[in-house]
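# Inside the fold
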Amino acid sequence: MTVCPECQGQVSLPDTAMAAEIVVCEDCSSELEVVAVDPPVLALAPEVEEDWGE
Ligand SMILES: [Zn+2]
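Residues numbered from 1 in each chain as written. Predicted model: local features only at pLDDT ≥ 70, side-chain atom pairs only at ≥ 80, totals over all residues. Heavy atoms only, no water.

Under an unreviewed UniProt entry, the name given to the chain is Alpha-aminoadipate carrier protein LysW, and the source organism is Haloactinospora alba.

In structure tokens:
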């Protein structure tokens, strides 16, 4: 269980969660990137639309 960086709500990570995985906050529907799993750290996933820069 960790905290959503967007709404401070509690987000439960699946046991199978891995770093760089995307989870969705049930409270605010934000896409969150799993930065680390031990301890669990979430960050707001960047909302890019296939724009990888140049
Ligand atoms: Zn949230």
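Turning next to the sheet that holds strand β4 (residues 31–37). Spatially, the three strands line up as an open sheet ordered β3-β4-β5, and their pairing is antiparallel. Every interior strand has two partners, whereas the edge strands, β3 (22–24) and β5 (40–44), have only one. When the angles between neighbouring strand axes are averaged without regard to direction, this sheet yields 45°. (Pairing = 2+ DSSP bridges. Helix = DSSP H or I, 4+ residues; strand = E, 2+ residues; numbered from the N terminus. Axes fitted to C-alpha atoms, helices over the stretch in contact; angles between N-to-C directions.)

Looking at where Pro40 falls in the secondary structure, it is placed in strand β5. Distance in space between the C-alpha atoms of Pro40 and Ala17 is 9.4 Å, their sequence separation being 23 residues. Residues contacting Pro40, with those up to four places away along its chain left out, are Met1, Thr2 and Leu13. (Contact = heavy atoms within 4.5 Å.)

Around the zinc ion, the donor atoms from the protein are Cys4 (SG), Cys7 (SG), Cys25 (SG) and Cys28 (SG), and they sit 2.3 Å away. Because the angles between the four donor atoms bound to the zinc ion fall within 105 to 113°, the donor set is best described as tetrahedral. Spacing between the donor residues of the zinc ion along their common chain follows C-x2-C-x17-C-x2-C. (Donors = N, O, S within 2.8 Å, 3.2 Å for Na, K, Ca; no water. Tetrahedral: all angles 85-135°; square planar, octahedral: opposite > 155°, others 65-115°.)

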